[in-house]
Amino acid sequence: MWMNQSKHKILKTKAFIFDLDGVIVDTAKYHFLAWQKIARALEINFTHEHNELLKGVSRVRSLEIILGLGNVEATDEQKEQWLVQKNEDYLEYINKMDDSEILTGVMNVLNFLKENNQPIVLGSASKNARPILEKVNILHYFDDIVDGNDVSNAKPDPEVFIVGAKKANQPNENAIVFEDSVAGIQAANIAGMISVGIGEPSVLNEAKYNFNNFTEITEEFLMELINQ
């Protein structure tokens, strides 16, 4: 049960950093469909299991993984053409998104943090993060956006989260990261941040805390994170 007023006072300020894909919205399905279209054109068998290999990694690295699955060699020009095509196909899917695609429980957490004046930052590898947040009508919840346009190193490099914490004027140890990928959890841990895994605990076992989804996260847990 979520209450408008907390039983305990919020005494501190932390930086709450959220990944996008698979944490706030499930755009992974659209990435999969767009990559699958490229793979089929190259006669590469690309399955949902293979798609797990792409979680949390850059678009360029994702293409390299797919080409590796089919032992396909390509020129830089061909790779660039496929990257552009993949993004165009992906954008067609996300242009049809609305707030019904926000994952269950996310809004409870965002509203609680906003009401308690906690900095909320997006830390995503996606270069389409801002338009996605606009499409689902929650861009205004975020104090800062750090996405693939702002950083050069992909997770598990912690660059995206380190930049996010700086934007929130908080040291790394005061940052809490919500992630659904192993690479993202590793990035948060490398940065010395508190990692919260959203997804299968057996997969995200390196996270400090694990939840299957945001419906399991309570107001009391968030207060504990803030005040500890």
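Please refer to the structure higher up on the page.
Note that the structure is predicted; figures quoted are calculated from it, not measured.

Novice: Mind showing me how you'd approach the nonpolar core here?
Specialist: Across soluble globular proteins, you tend to see nonpolar side chains buried next to one another. Counting residues in each nonpolar core, the largest one holds 41 residues, and the members touching the most others are F18, I24, F142 and F178. There are two domains that each give this core at least three residues, and those are domain 1 (15–26 + 100–227) and domain 2 (28–95). Beyond its immediate sequence surroundings of up to four residues, F142 is in contact with F18, I24, L110, I120, V121, L122 and L133.

Novice: Looking at this structure, I do not really get helix 7 (residues 159–167). What am I missing?
Specialist: Residues separated by three or four positions in an α-helix point in the same direction, a consequence of the helix having 3.6 residues per turn. Listing the buried residues of helix 7 in full gives E159, V160, F161, G164 and A165. On its buried face, helix 7 sits against strand 1 (15–18), strand 2 (120–123), strand 3 (144–146), strand 4 (175–179) and helix 8 (182–190). Following helix 7 by one or two positions, N169 adopts a phi angle in the positive range, close to 60°.

Novice: It is not clear to me how the packing of aromatic side chains should be interpreted in this structure. Could you clarify?
Specialist: When we look at a pair of aromatic rings, we describe it by the centre distance and by the angle of the planes. Inspection of the entire model under this criterion finds 9 aromatic pairs. For the ring pair F18 and F178, a centre distance of 4.7 Å and an interplane angle of 15° mean the geometry is stacked. In this pair, F18 is assigned in strand 1 and F178 in strand 4, connecting sequence segments 160 residues apart. A residue is classified by how much of its surface remains accessible, and F18, at 0% relative accessible area, is buried. By relative accessible area, which is 0% here, F178 ends up buried. Both rings, one in Y209 and one in F221, keep their centres 5.0 Å apart while their planes meet at 80°; by these two values the pair is edge-to-face.

Novice: I would appreciate a short explanation of the pairing of strand 1 in the present structure.
Specialist: Put simply, side chains in a regular strand alternate between the two faces of the sheet. Side chains of strand 1 alternate between two faces, with A15 and I17 and F16 and F18 buried alike. The pairing of strand 1 with strand 4 spans 4 bridges and is classified as parallel. Residue pairing across strands places F18 opposite F178, the latter belonging to strand 4. Note: strand 1 against strand 2, 3 bridges, orientation parallel. The residue of strand 2 that forms the bridge with F18 is L122.

Basis of the calculations
Residues numbered from 1 in each chain as written. Predicted model: local features only at pLDDT ≥ 70, side-chain atom pairs only at ≥ 80, totals over all residues. Heavy atoms only, no water. Core = buried A, V, L, I, M, F, W, Y, C linked by side-chain atoms within 4.5 Å. Buried < 20%, exposed > 50% of the residue type's maximum accessible area, 1.4 Å probe, protein only. Domains from an automatic or database assignment. Contact = heavy atoms within 4.5 Å. Helix = DSSP H or I, 4+ residues; strand = E, 2+ residues; numbered from the N terminus. Phe/Tyr/Trp six-rings, centres within 6.5 Å; stacked < 30°, edge-to-face > 60°. Pairing = 2+ DSSP bridges.

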